[in-house]
Amino acid sequence: FCLSRGLGDVYKRQGFIRSALGEQGQQLAQAQDSLRRFQEHHQSSDVGAEATAILQSIYTYDAKRGELTLQQHVYQQLVGKLEQTDTTDVEMRKLVGTDAVKDNRAVADLYQRWFDLERTRQQLMLTRNGKNRDVQAIDSTIAATKTNLKVASGLYLQSLATRVASIDTNIADLRRQAEQFPPL
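Student: Let's hear about the overall build of the protein: which residues, and what values?
Tutor: Helices and strands together make up the secondary structure of the protein, namely six helices and zero strands. Taken across its 184 residues, the protein has 23% of its residues classed as buried. Summed over all atoms, the accessible surface of the protein reaches about 13000 Å², with 54% contributed by carbon and sulfur.

Here it is, written out as C-alpha cells:
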C-alpha cells in the first residue's frame, strides 16, 4: 500500500512539473516576444551582440597594427642597410622581396632600379675603370636613386607610424566603449 501510494504521489508530481514547465515555457516565449517588439519599437539592440562587435573590431585593429609594425621593422632594416652600404647585397634583396616592400610600388620600383643600375655598373666595370664617363654617370644615377630610396622609405616609415598611432587611438576608443558593457 505504501509503495503504490508513493508511486502515485511521484506520478502526480511529475504531471504537476510538466504542466508548470509548459506554462513557464509559454510565459518565457511571450516575454521574449514582448522584449523583441519593445527593442524593435524603441530601436534598441542586443547588448551582447554590440559588445562582441566591439571586441571583434579591437581584434581586427590589433591584427592590422601587427602587420604595420612588421612593415615598420622591415623598412627600418632597409634604411639601416642603405646607410651602411653603397651596393646591394643578399640580405637587402631578401628584405626587398618581402610583402612590406612589394606592397609599396614606388619603393619597390626604386629598389629594382638600384639593382638594375648595379648590374649595369658591374658589366661596365668588366671593360672600363671608375674614371670612365659611363661608369661615372651610372655611379651618379645610383647615388641619386639611393637618395630617393632613403627619402621614400623615410616618408613611408612616417606614414606607417601615423597609421599605427591612428589604430592605437581607435583601439583605445573601442576599449572605452567595451567598458560600458558587462563582461561576456
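Student: How would you sum up a nonpolar patch on the surface? Please name residues and give values.
Tutor: Judged by side-chain polarity, Phe 16, Ile 17 and Leu 21 come together as a nonpolar surface patch covering roughly 350 Å² of accessible area. Within the element layout of this structure, Ile 17 appears in helix H1 (residues 2-41). The partly exposed category is assigned to Ile 17, whose relative accessible area is 46%.

Student: Account for the nonpolar core, with residues named and values stated.
Tutor: Of all hydrophobic cores here, the largest spans 33 residues; its most connected members are Tyr 75, Leu 78, Val 96, Val 101, Tyr 111, Trp 114 and Leu 149. Those elements that place two or more of their residues in this core are helix H2 (47-84), helix H3 (90-96), helix H4 (99-102), helix H5 (105-125) and helix H6 (133-178). Considering each element in turn, this core owes the most residues, eleven residues, to H6. Those residues in contact with Leu 78 that sit more than four places away from it in its chain are Met 92, Leu 95, Val 96, Val 101 and Tyr 111.

Reading the values: the criteria
- Residues numbered from 1 in each chain as written.
- Predicted model: local features only at pLDDT ≥ 70, side-chain atom pairs only at ≥ 80, totals over all residues.
- Heavy atoms only, no water.
- Helix = DSSP H or I, 4+ residues; strand = E, 2+ residues; numbered from the N terminus.
- Buried < 20%, exposed > 50% of the residue type's maximum accessible area, 1.4 Å probe, protein only.
- Areas by Shrake-Rupley, 256 points an atom, 1.4 Å probe, with all protein chains shown as cover.
- Patch = residues over 30% accessible without salt bridge, like charges linked within 9 Å, V, L, I, M, F, W, Y side chains within 5 Å.
- Salt bridge = Lys/Arg side-chain N within 4 Å of Asp/Glu carboxyl O.
- Core = buried A, V, L, I, M, F, W, Y, C linked by side-chain atoms within 4.5 Å.
- Contact = heavy atoms within 4.5 Å.

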